[in-house]
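Okay, here's what each chain looks like letter by letter:
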Amino acid sequence: MEGAALLRSSLSSTNRAFFSFRPRFSRSFSSSASSALRTNRHRQILRPSLLRRTFLLPAASPHFSRRFSSLSPRAVATPLTSSPSESSGVSDEVAEKLGFEKVTEEFIGECKSKALLFRHKKTGAQVISVSNDDENKVFGIVFRTPPNDSTGIPHILEHSVLCGSRKYPLKEPFVELLKGSLNTFLNAFTYPDRTCYPVASTNTKDFYNLVDVYLDAVFFPKCVEDFQTFQQEGWHYELNDPSEDISYKGVVFNEMKGVYSQPDNILGRIAQQALFPDNTYGVDSGGDPKEFHRKYYHPSNARIWFYGDDDPTERLRILSEYLDMFDASSAPNESRVQTQKLFSEPVRISETYPAGEGGDLKKKDMVCINWLLSEKPLDLETELALGFLDHLMLGTPASPLRKILLESGLGEAIIGGGVEDELLQPQFSIGLKGVSQDDIPKIEELVMSTLQNLADEGFDTAAVEASMNTIEFSLRENNTGSFPRGLSLMLRSMGKWIYDMDPFQPLKYEKPLLALKARIEEEGSKAVFSPLIEKFILNNPHRVVVEMQPDPEKASRDEAAEKEILEKVKAGMTEEDLAELARATQDLKLKQETPDPPEALRSVPSLSLQDIPKEPIAIPTEVGDINGVKILQHDLFTNDVLYTEVVFDMSLLKQELLPLVPLFCQSLLEMGTKDLSFVQLNQLIGRKTGGISVYPMTSSVRGKKDACSHIIVRGKAMAGRADDLFHLMNCILQEVRFTDQQRFKQFVSQSKARMENRLRGSGHGIAAARMDAKLNVAGWISEQMGGFSYLEFLQDLEQKVDNDWEKISSSLEEIRKSLLSREGCLINMTAEGKNLTNSEKFVGKFLDLLPSKSPLTRTTWNARLPSTNEALVIPTQVNYVGKAANIYDTGYQLNGSAYVISKYISNTWLWDRVRVSGGAYGGFCDFDSHSGVFSFLSYRDPNLLKTLDIYDGTGEFLRQLDMDEETLTKSIIGTIGDVDSYQLPDAKGYSSLMRHLLGVSDEERQIRREEILSTSLKDFKEFANAIDEVKDKGVSVAVASPDDVDAAQKERSNLFEVKKAL
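Residues numbered from 1 in each chain as written. Predicted model: local features only at pLDDT ≥ 70, side-chain atom pairs only at ≥ 80, totals over all residues. Heavy atoms only, no water.

This part takes up the overall build of the chain. Looking only at helices and strands, one finds 38 helices and 29 strands in the chain. Taken against the 2.2 N^0.38 rule, which gives 31 Å for 1062 residues, the C-alpha radius of gyration of the chain at 28 Å falls within 12% of a compact globule. The C-alpha extent of the chain, read off along each of the three principal axes, is 80 × 65 × 65 Å. Each of the 1062 residues in the chain was classed as buried or not, and the buried ones make up 66%. Sequence separation of 24 or more characterises 84% of the internal contacts of the chain that already satisfy a separation of 6 or more. With an accessible surface of roughly 36,200 Å², the chain has 48% of that area assigned to carbon and sulfur atoms. In the chain, 123 side chains carry a positive charge and 151 a negative one; their mean positions are 2 Å apart. (Helix = DSSP H or I, 4+ residues; strand = E, 2+ residues; numbered from the N terminus. Rg over C-alpha atoms; globule rule 2.2 N^0.38 Å. Buried < 20%, exposed > 50% of the residue type's maximum accessible area, 1.4 Å probe, protein only. Contact = heavy atoms within 4.5 Å. Areas by Shrake-Rupley, 256 points an atom, 1.4 Å probe, with all protein chains shown as cover. Lys, Arg positive; Asp, Glu negative; His and termini not counted. Charge placed at Lys NZ, Arg CZ, Asp CG, Glu CD.)

Here it is as structure tokens:
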């Protein structure tokens, strides 16, 4: 589900993620995708965070492999204001009675929690019970699941166990939970050596419902007796008629086709397998599913996590009901991950990746240098020091290794994750993509010489201070975005616990942090970091260099090889065999498309409407004025952090300058001033604040023709540093000079590489933006700054930087002049009341320095892309298929029931037809209530025309729909869960700002809520007429493979205007 959050967000990431969490695969795509569309309605350009796995928190849900800024609108974790009460523990007597023995009990000050480690006496299952005041409760059960081969069984099993169980005998209880739960997290994911099943909810009753469904699923799944489930989720031969060709189908099969259509993912897999040739990480997840489940999905092999403000005794009671049914097994010994011994000499590997035909492939190679850092587990202080070292070398645009590689001109963008420590042994990787094959030796030499120089010379004192502040700020702020805080702690703990080490150690950073700071103070940073570079990298022979060359024929060769295998399979079958396969195909489809019986659906526990608050969540907002500028203030507890957004109107900007805006934003943060180099400015931001980001935001406004379009400068700092924060914001806005031609050229190359990667990995986001650009002005503006049009602009701009730099530089200056003025400015602040009051004088000083008015006049943007169907052709094995229309054009009037209906369509019709039966990894729809655009999208889809036909059948599906009261209630509750999604203080303040900009009042929110709660079956049937607009007048955009586009064009003459995108 890597791309979910990119559906409406155009990402322009200039900072690499610092120790983020990356599970290999996950269960769900569509659930998070549709909510991402709703919550990220405005389009933004964000910067990724500087977060580390060992101590710092995952930057985002996985949507996990996308890394979001701690400055993103997604939220921060609410710091706990008081210690958990003494009653939050479990007495030894109660634990014994429930079959558990208490192993350890600790108070962890870093997260203000009481943590107990229990062992289930009968099975040996280990349980951590964390109690505190956090209402966002988390449960997770994790099994060590080391594969023996690369047949993908752990991943297939992760999908399959959630397809019905002993107590919940329906096809997919998981989907029923998506439909009708208030969950704040619901998914499952596979690592190379473990499988995790986490859930979260703020509602206690809902939380325990989720826990019970997941426990029954992992211990008593139907799939072990139902081969069709493995066929559906893994792979199977499909044959609709004996006269037709056989094809492969399966959700995981197409998920992995998508994963391995991306060069970065291919390189990552090759590097991992080469670094670990002798243990489980050297294969890609395999085994016999039934035996694999019997062996590894056992309490003796489980680590179970509870977190939050619920009753810790009730946790053990729920677990004992399940665990007591089992006896101890030998699984812990059999699942133990063996250490990879270090090489005595380096290894070199050369591979190819699929590239588009006919393009210029001279600078399309990739090279990555990878090290396995240690055979033995590292102590906590060394791990923390390596994290700091990683940030110093690569964490910001000013970091020396990153800076030198990019400024060399040898490649377009950095690849490699730096220090990776989520597995048993830590790794380090760094490289470049977009390189010439002849330059690969130069890149390797540059990496090694730069590392040697850093070991010899050490780091600049200001850089060390900036890194220290950045990391310490992140640790203390505890910003997990929309990701539940308890889940991030679980994953952090699991990094040790799964390998039989102390599970509490990763949660306690205070002592090692103080020790590291003291050591740096006493011995100097060089004495701390240089030995690490020498020992773990320079003098370490366990090094793997992976080269990747583009191969324009690889995709077609792979397709031909697959076709040849299937032809041989068919040739080896008798007529009876083919008839049997066709029958089995129809049986599977019938099962997939037959609704569960009502009694099975009723088995899944759910809430009632009486459990749902009748009013929306209120956010305290005070509207004021400073120097004639409107100020929004939100008095919320933020643990002494000030969060602020300065908003500037973009409406004075010339239309032709729009594509330059993302690069303008990057230039503000990564070019220098008259007095400060960009390195010094970057370090100053790191030392004084928690970070500053700049990005555009664009949205339609319901009832208005003109788009809402702004530049947002977003920052955070400790309240005592408010003066520094606003001073630095002024500095980047007014003092940065657009004179560094070579740096700007790097920005263009980096952005182009990112956009090309998005096309391959998040083609649904590109398709969504393209359709919006055909349907409304806001969509067109956004697509100019983050869609396929933006990629075309970058490809052209790359040539112009050398030839017409003066014009580009003056255009950047013109953008600044059009934006900066107090007229149309708005400031949003979130903090405790006293800190808001204290900050007002610094806001006033900041505003005094702004021009009162812009010298430019307002312009009108009234452009759209032509309303033609388009196919953007890329070298891929899967497709991303979209279709959309503006349903307001039919006369449809917004009603809150539309949110219920669109969620229901995603989780029933599209889930069953596009994903389950069609084999795509995801299929979903979204309704943008601001613009009126209703869109369908698929993700990693083996089909194209079939998927469009499914979209067109949606209106008839609604007309034929028969729904009982219980199903309707679940749909309403699930929608309220989306509307009331869990938010932390800065996200609440940001949401209030967005509502203000888009004209959404609290009164309207109440009306929509009442409409949601009163949704009826009649609303579903009436909505069919509106949704027919998509079938009859909608535009289609597919990001797809050449073969599938050719086949579609032949079957439906000239359906698409075809463009070669890569």
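Let us now look at the packing of helix α24 (residues 722–735) against helix α30 (residues 833–848). Interaxial distance between α24 and α30 falls to 9 Å at its minimum, and their mutual angle equals 15°. Taken as axis vectors, α24 and α30 run roughly parallel relative to one another. The chirality of how α24 crosses α30 is right-handed. Mapping the contact onto sequence places A722, D723, F726, M729, N730 and L733 in α24 and S839, F842, V843, K845 and F846 in α30. Its residues assigned to classes, the contact of α24 with α30 shows seven nonpolar, two polar and two charged. (Axes fitted to C-alpha atoms, helices over the stretch in contact; angles between N-to-C directions. Parallel < 35°, antiparallel > 145°, perpendicular 65-115°, else oblique. Left-handed = near helix turned anticlockwise from the far one by under 90°. Nonpolar A, V, L, I, M, F, W, Y, C, P; charged D, E, K, R; others polar.)

When their charged atoms lie close together, side chains carrying opposite charge are able to pair. Taken as a whole, this structure holds 74 salt bridges when the rule is applied. Notably, a salt bridge pairs K205 with D611, separated by 3.5 Å at the nearest N-O pair. Here the residue K205 occupies a position in helix α5 (residues 204–219), and D611 occupies one in the loop between α21 (598–602) and β18 (622–626), the gap between them amounting to 406 residues. The exposure class of K205 is partly exposed, given its relative accessible area of 44%. The partner of R336 in a salt bridge is D500, and the shortest N-O contact between them spans 3.3 Å. Taken together, the residues R336 in the loop between α11 (331–334) and β13 (347–354) and D500 in the loop between α16 (485–497) and α17 (510–523) connect sequence positions 164 residues apart. R336 gets classed as partly exposed once you look at its relative accessible area, which sits at 38%. Bridged by salt links that share partners, the residues K364, E412, K752, E756 and E798 form one connected network. (Salt bridge = Lys/Arg side-chain N within 4 Å of Asp/Glu carboxyl O.)

For D327, the position within the fold is in the loop between α10 (312–323) and α11. With relative accessibility at 53%, the residue D327 sits in the exposed group. A C-alpha to C-alpha distance of 8.5 Å links D327 and P299, two positions 28 residues apart in sequence.

It is worth spelling out the confidence of the model for the chain at this point. A residue-level look at the chain finds 91% of positions with pLDDT of 70 or above and a mean pLDDT of 88. A low-confidence stretch, residues 1–24 stays under pLDDT 50, and its non-local contacts, those more than four residues away or across chains, total 153 contacts. Low pLDDT, under 50, characterises residues 29–87; the stretch is placed with 271 contacts to residues that sit more than four places away or in other chains. (pLDDT = per-residue confidence, 0-100.)

Before going further, it helps to spend a moment on the pairing of β18. In terms of strand pairing, β18 meets strand β19 (residues 629–635) through five bridges, oriented antiparallel. When the bridges of β19 are listed, I626 appears paired with V629. (Pairing = 2+ DSSP bridges.)

Turning our eyes to something else, we now look at the nonpolar core. Counting 106 residues, the largest nonpolar core has F139, I141, Y197 and W305 as the members making the most contacts within it. Considering every element that reaches this core, the biggest residue donor is α5, with 10 residues. When residues no more than four places from it in sequence are discounted, the contact partners of W305 are I128, V130, V138, F139, G140, G486, L489, M490, S493, W497 and L507. Counting 90 residues, the second-largest nonpolar core is a separate cluster that includes V251, V629, F744 and L820. (Core = buried A, V, L, I, M, F, W, Y, C linked by side-chain atoms within 4.5 Å.)

With 18 residues, helix α14 (residues 440–457) extends 26 Å from end C-alpha to end C-alpha; this agrees with the ideal 26 Å at 1.5 Å per step. Among the residues of α14, those classed as buried are I440, I443, E444, L446, V447, T450, L451, L454 and A455. Taken end-on, α14 shows its buried residues confined to a sector of 165°, consistent with a single buried face. Exposed side of α14, more than 90 degrees from the buried face: P441, K442, E445 and E457 are the residues found there. After α14 finishes, the residue G458 shows a positive phi value of roughly 80°. (Expected span 1.5 Å × (residues − 1). Arc of directions from axis to C-beta.)

Our focus in this paragraph is the sheet that holds strand β17 (residues 543–551). Here five strands make up an open sheet; going across it, the order is β13-β17-β14-β16-β15 and the pairing mixed. Since the sheet does not close on itself, it has two edges, and those belong to β13 and β15 (413–420), each with one partner. Pairs of neighbouring strands in the sheet enclose a mean axial angle of 15°, with direction left out of account. Of the strands in this sheet, β13, β14 (365–372), β15, β16 (427–435) and β17 are in contact with helix α8 (residues 263–275), which crosses β17 at around 150°. Against the sheet, helix α19 (residues 554–571) contacts β13 and β17, and its axis sits at roughly 80° relative to β13.

The next thing to look at is the sheet that holds strand β26 (residues 922–928). Pairing is mixed across the open sheet formed by six strands, whose spatial order is β26-β27-β25-β28-β24-β29. The open sheet has two free edges, formed respectively by β26 and β29 (1057–1060), since each of these has just one partner strand. When strand polarity is set aside, the average angle formed by the axes of neighbouring strands in this sheet is 15°. Bridge analysis of β26 against strand β27 (residues 933–939) gives seven bridges, and the strand direction is antiparallel. Looking across to β27, one finds that D928 is bridged to V933. On the sheet, helix α38 (residues 1042–1051) packs against β24 (870–873), β28 (1035–1040) and β29 and is oriented at approximately 155° with respect to β24.

Moving on: the packing of helix α31 (residues 897–917) against helix α32 (residues 945–952). Angle between the axes and distance between the axes are the two parameters that describe a pair of packed helices. Taken N-terminus to C-terminus, the directions of α31 and α32 make an angle of 160°; their axes are 10 Å apart at the nearest point. By the angle between their axes, α31 is roughly antiparallel relative to α32. For the element pair α31 and α32, the recorded crossing hand is right-handed. Residues W909, L910, R913 and V914 of α31 form the contact with α32, whose own contacting residues are T947, I950 and Y951.

What follows deals with the packing of aromatic side chains. In the structure shown here, the tally under the stated rule is 39 aromatic pairs. Between F143 and F219, the ring centres sit 6.0 Å apart and the planes meet at 85°, which makes this aromatic pair edge-to-face. Here F143 is found in strand β6 (residues 137–144), whereas its partner F219 is found in helix α5, with 76 residues between them in sequence. Each member of the pair F143 and F219 is classed as buried. Consider the rings of F292 and Y296, whose centres lie 4.8 Å apart with planes at 75°: the pair is edge-to-face. Remark: Y296 and F292 occur in helix α9 (residues 289–296); sequence separation between them is four residues, near one turn of the helix. The same class applies to F292 and to Y296, which are both buried. (Phe/Tyr/Trp six-rings, centres within 6.5 Å; stacked < 30°, edge-to-face > 60°.)

Mapping S929 onto the fold places it in the loop between β26 and β27. We classify S929 as buried; its relative accessible area is 10%. Within polar-contact distance, the side chain of S929 engages the side chain of Y899 at 2.8 Å. If we ignore the near neighbours within four places in the chain, the residues touching S929 are R702, Y888, L894 and Y899. (Polar contact = N/O pair within 3.5 Å; in protein donor to acceptor, adjacent residues only side chain to side chain.)

On to the environment of H727. Position of H727 among the secondary structure elements: in helix α24. Relative accessible area serves as the criterion here: at 47%, H727 is assigned to the partly exposed category. Along the chain, H727 and H293 lie 434 residues apart, while their C-alpha atoms are 58 Å from each other.

All right, on to the environment of V127 then. Looking at where V127 falls in the secondary structure, it is placed in strand β5 (residues 126–131). Overall, the relative accessible area of 1% leaves V127 in the buried class. Sequence separation between V127 and K102 is 25 residues; the distance between their C-alpha atoms is 9.5 Å. Ignoring anything within four residues of it in the chain, the contact list for V127 reads F100, L116, L117, F118, I304, L316, L319 and W497.

Quick look at the side chain of R816 now. Tracing the sequence through the fold places R816 in helix α29 (residues 805–819). Within the local environment of R816, its side chain forms a polar contact with the backbone oxygen of L733, the two atoms lying 3.0 Å apart.

Restricting attention to buried positions, one finds in α9 the residues P289, F292, H293 and Y296. The arc enclosing the buried residues of α9, seen along the axis, measures out at 100°, which places them on a common side. Of the surrounding secondary structure, the elements contacted by the buried residues of α9 are β6, α3 (153–160), α5, α6 (227–233) and α11.

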